[in-house]
Every structure is written in C-alpha cells, then in structure tokens.
Amino acid sequence: KGVCYDWAALFAIMARYVGVESYVHTGILRIGTWTGHHGWTVLRIQGKDYIFDAQQDWRLKEKYGAATYEYFGIPKNAWYDYTPEAAVNAARDKGFLPLTADRTRIANITAEASRSGTVEGTGAYPWGAEVTLTTVGERPLVGWYNSRGQLLGVEETCTVTAEGDQKLYALFEGDYFVDVSENAWYYNDMCQAVDQGLIYGNTPCLFAPEGGMTRAMLAAVLARAAGADTEAAEACSFHDVDQSAWYAEAVNWAYANGVVYGETETRFNPMGKVTREQAASMLMRYLESRGVEIAAEENVAGFADSEKISSYAKEAISKAKAAGILAGYTDGTVRPRETITRAEGTSLLMRVVRYAA
C-alpha cells in the first residue's frame, strides 16, 4: 500500500531490476473532470518514453475484478492527460544510476553516545566491510550495546561487520542512559528513581522515556517504593497474570493491598497502557495503603474536560490535584483518558514518594 509516488517507485525499481530503463515522474493528471497532482512511472524503451501508472491500473482491477492494463503505455487522449513537471522530473532523472553503472551494496553504521562522549567512525560502508568505531569521552566507557541492549564490548573501540544497517550505543560512566538529556524536564526524577532502584531502563543503555507506562510497570514500581515483600503475597485470580511473569508478584501484592483492581474480575490487562485517571487512582490507593491520607473534597469542576473523567477516578484526581501530584495542562484540561509515558509515570512516582516521606 502507498500513495501514487510509492507505486511508481516500486514499479520503476522492478523494471530496472529486469533491465528496462525507468524513471519516476510527477505532474498533473486529468481523468475526465477530475484533476490532481500525481506520480507515475516512465519506461524508456528504444529511446521513446511510455507512461505506466500502476496505481491507476490497480484501481481498475478493484473496480472490474481483473487487471485491464488500461493505464500501461498511455498515450495522450481526450479522456485522460498526464502533464509532467518538466524541470522537477529532469532533475530527478539525473539522480538515477544508469542501468550499466556499478552498484555497491551499502550498510549504514550509526551510533549514539551518552552525554559524556561521542563516537567516531560512523557512516555508509560497503557490505561486508569491517568497521571500527571509536569513543571519545571525558569519562571511562561502560560499554557498547546494540539496539536489543546486548553488551558488545567495553573497550574504547568496537568493530562490527557491515551486514545490514546497524545502530550501536556507547554508554559512559556516570551517565544514566543514552536517550535521556540532562535538560529533560523529568531528568532529576528519573535519576532519583534509578538511584533508589525503583525503575530500570528498557535496556542497560536506553530508558525509552516516551514509551508507554503499562499497568504491570506501575504496579512493579509501587511495590518497590513500598519495599514490599512481594513473594509473600497470595496469587491473584486474574486469568491474564502469568505467575511466572516478571511482574506477577508485584501485581499480587498491589491487588492484595488494594492498590490496583482489575479491569474485570478475571482480567488485569498487565500490558495495557496506564491512563492519567488510572495512574491517579493507583497512586492515591498506594498512599492510602501506606497510611497517608489526603483531605480533599471531590471537585473536578475546575478542569475544562471534567466530563471525561470516569466516575471511579473523580475522587482520586481531586486528591492528586490537592497534593500537587497530578496537575492539569495549560489549556485547563486534565486529559484523564490519555496514556502516560514512562517519563510521566516516573515523575508521578517520585512526587508520591516525596509526599509520603
């Protein structure tokens, strides 16, 4: 699936693969009374250009149930007219390699370093080449990691074979993660949460701040904040909580202590993303389980979108607002059903921890 340009590019690639000179052109297409900007393929056969419009032909197949090839080798006529953008197409044509040109398969090797250093040696390399990357930093290197978080080495240099695009990460001593700037609004909260062992990265080098906070994650960080003996908690009755899963004991503890409820009596939905109103409810229940009471009347009328707050969450949001744990946005909304990110969840967690201290 794609727009007209994608269909044209794919057809051009296929044509070139079998040795037919081809180009992607754009311009104005008129079909009957319809006119619009469009992209198509031009095949140059024995010095003459022929228009091939794969997208339009596919639409006819959908309409008639079979390919009619009406839009292959199209001449100008009274019914449809292709008017190319001459200057744009001429410049684009120059970017196509001749069919007889030598082609080298390329792999892109990129790297990202944490704030205390940089990486040298990245770029596009011939397939199969040995590529050596070097770190330059003020602090010692902790290690090189791949996108899955696997440790590749701890030396200042790292050598990889250019077989497919690869991205590496270099983490320096004293830095928390590669993907978190010290200027990030949540940076201090994240540092405190990591230092206290309340939250971990998705990998040793990536925090994934914009990733979603799941119900299982929030249960786990609250259990850690409580210093709970999660092993002692009785197994919950939710059918979708595998008792061998990393989060099971935390969910057991949170459910037993009234911190979390299920979406139904048998379904917890551990991998479901936490909404703002769910987070407020779980956090307020957590404080109550720790013996911390927040005196606040149920009052959400001050939020421009208060009608969107679920009835079960109104009291919790009122308390979270009164305690300075959950605030509205500059437009006056609280957006109760929007999901929270890992960065937002970490910040909310640390506000609760400080409030309970």
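Presented here is an overview of the structure given in this document. In this text, all values refer to a predicted model and were calculated from it rather than measured experimentally.

1. Describing the pattern of salt bridges
- Summed over all chains, the structure comprises 12 salt bridges.
- Between Asp175 and Arg115 there is a salt bridge whose closest N-O contact spans 3.7 Å. Of the two residues, Asp175 sits in the loop between strand S13 (166-172) and helix H4 (187-195) while Arg115 sits in the loop between strand S6 (106-113) and strand S7 (117-120), which places them 60 residues apart along the sequence.
- Two residues, Asp331 and Arg335, come together in a salt bridge whose shortest N-O distance is 3.0 Å.

2. Regarding the packing of aromatic side chains
- Counted by the stated rule, this structure contains 10 aromatic pairs.
- With centroids separated by 5.3 Å and ring planes inclined at 40°, the aromatic side chains of Phe177 and Phe207 adopt a geometry described as tilted. Taken together, the residues span a long stretch of sequence, with Phe177 in the loop between S13 and H4 and Phe207 in the loop between H4 and helix H5 (215-226) at a distance of 30 residues. Taken individually, Phe177 and Phe207 each receive the classification buried, so the pair is uniform in this respect.
- Every member of this aromatic cluster is reached through a ring pair, and the members are Phe238, Tyr255 and Phe268.
- Between the NZ or CZ atom of Lys321 and the centre of the ring of Phe303, over which it lies, the distance is 4.6 Å.
- Against the face of Phe207 rests Arg342, its NZ or CZ located 4.6 Å from the ring centre.

What counts and how
Residues numbered from 1 in each chain as written. Predicted model: local features only at pLDDT ≥ 70, side-chain atom pairs only at ≥ 80, totals over all residues. Heavy atoms only, no water. Salt bridge = Lys/Arg side-chain N within 4 Å of Asp/Glu carboxyl O. Helix = DSSP H or I, 4+ residues; strand = E, 2+ residues; numbered from the N terminus. Phe/Tyr/Trp six-rings, centres within 6.5 Å; stacked < 30°, edge-to-face > 60°. Buried < 20%, exposed > 50% of the residue type's maximum accessible area, 1.4 Å probe, protein only. Lys NZ or Arg CZ within 6 Å of the ring centre and 35° of its normal.

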